[in-house]
Amino acid sequence: MRRRRKTECFLIKPPARGCQGPQRRCSGFITFCADQFGTQKRRDSRVPPLPENQRLAYHTRVNGTTRPATRNAVIGGGFSGLAAAHYLEKQRPDWSVVLFEAADRLGGVVKTFRDGDYLIERAADNFLRGPTAPWAEQLCEQIGFADELMPTAERHRGAHVYWRGRLHAVPAGFQLLAPARMGPILRSGLLSPLGRLRLCCEPFIREPTVVRDESLREFAERRLGRQAFERLVQPLVSGIYTADPDRLSVAAALPQMVEMAREQGSLYRAMRQRQRQSSSERSTRGARYSLFVAPREGMSQLVAALAAQLPRTEIRLQTGVRRLTQTSSPTWQVTTDSGSSPESFDAVVVALPANHAAQLLTHLPHSSLANELADIEHASSVVVCLGYQES
């Protein structure tokens, strides 16, 4: 099964002397990545991170001598590109950075606008924080933006599923695909009596002795039953991943759930143990909404704040990169659609969606990377914002 990877940023690095083929390692320094529809960070589990002392350690060899790279290009002005430029400036003040963005503004698909009293987001409207996803919040702290973050309103936390002409509240304590309380499930009108009974059998379902890469549907139906998957799990998870549940790897998308089932033998038992440690999760419905935060004035406020922290980065708007080539020496040639001559750079960070990055990398000798990126499927998404008069 091919794992769906939504991370839009990766590192291109010239091969070291004596190395056969390209080096394609995630250096780990891009810790805040945004995809088409939201904020999500994922590192391919097959690619080990570099040691701490090697991060951002670009080097080139010229006439047998090694020197630090001094000129760097960042292609893409979304959150990934802005975060990359920020870390380049922060860790190596002596480096010069040029950021190329094809649009007339920064932020990629993220855009906030007002319509009367409504604050409306075109794409992502929040991001995760907490121990499992601390990177975006850490970035906000580094740029002095932490005080502008707002949590979700506690009285509005929860999720509903539209089923057979009615809105049904997700049972209290049910998080994505893990039940923590059986009482609300037994009282829920979303599941039939047989569906509720099957879900309550989850603690007695044994994990297989042979571990394999299951799809989201396989894992959820095996542990919770088909009805719980169709009426609870799929509506909740599809809003996050917009992916085919038959092809979405549960180990890639929700590794914590797989780990809970293997270690505790049951999602229910694992959730009960977590609840004893944190009483705030007892009434959680759908997702852990306490982990979601957003800027007071919308996600574009964070884009502007991050761009303001790049005093040494040359930002070129309306300058799309048309071609990326590697010369005989370990440098890169960047050709833009402005018609100007190609520019040379010691290192390049490509911070584009996978399909656009694939087109850009097609001309490189190691085109296998472009083929892998082109194989990543994308799903369309529609953002619907509803406004109500307060009664």
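Here the structure is shown first, and the text comes after it.
Observations regarding the sheet that holds strand E14 (residues 292-295)
An order of E8-E14-E9 is seen for the 3 strands of this open sheet, with the pairing classed as antiparallel. Both outer strands of the open sheet, strand E8 (127-128) and strand E9 (149-151), are each paired with one neighbouring strand and no more.

A short note on helix H10 (residues 299-308)
For H10, the set of buried residues is Met299, Gln301, Leu302, Val303, Ala305 and Leu306. Close packing links the buried residues of H10 with helix H1 (79-91), strand E6 (112-115), strand E7 (118-121), E8, helix H2 (135-142) and E14.

Structural notes on the pattern of salt bridges
Enumeration according to the criterion identifies 15 salt bridges in this entry. When the shortest N-O distance is used, the salt bridge between Arg71 and Glu343 registers 3.0 Å. In this pair, Arg71 sits in strand E4 (residues 71-75) while Glu343 sits in strand E18 (residues 343-345), placing the two residues 272 residues apart along the sequence. Residue classification places Arg71 among the partly exposed positions, given a relative accessible area of 25%. With a relative accessible area of 17%, Glu343 lands in the buried category. Connected through salt bridges with shared partners, the residues Glu202, Glu207, Glu214, Arg222 and Arg223 form a single ionic network.

A look at the nonpolar core
Among soluble globular proteins, nonpolar side chains are generally buried collectively. Residues Phe174, Leu177, Leu216, Val233, Leu254 and Met257 are the most contacted members of the largest nonpolar core, which totals 38 residues. Contributing elements (two or more residues each) for this core: helix H3 (182-187), helix H4 (193-200), helix H5 (216-224), helix H6 (226-241), helix H7 (250-253), helix H8 (255-264) and helix H9 (267-277). Contact partners of Met257, with chain neighbours within four places excluded, come to Gln175, Leu176, Leu177, Ala178, Phe219 and Leu267. Counting 28 residues, the second largest nonpolar core, distinct from the first, contains Val74, Leu82, Phe127 and Cys140.

Thresholds, definitions, all that
- Residues numbered from 1 in each chain as written.
- Predicted model: local features only at pLDDT ≥ 70, side-chain atom pairs only at ≥ 80, totals over all residues.
- Heavy atoms only, no water.
- Pairing = 2+ DSSP bridges.
- Helix = DSSP H or I, 4+ residues; strand = E, 2+ residues; numbered from the N terminus.
- Buried < 20%, exposed > 50% of the residue type's maximum accessible area, 1.4 Å probe, protein only.
- Contact = heavy atoms within 4.5 Å.
- Salt bridge = Lys/Arg side-chain N within 4 Å of Asp/Glu carboxyl O.
- Core = buried A, V, L, I, M, F, W, Y, C linked by side-chain atoms within 4.5 Å.

Limitation: the analysis is restricted to geometry and does not speak to function.
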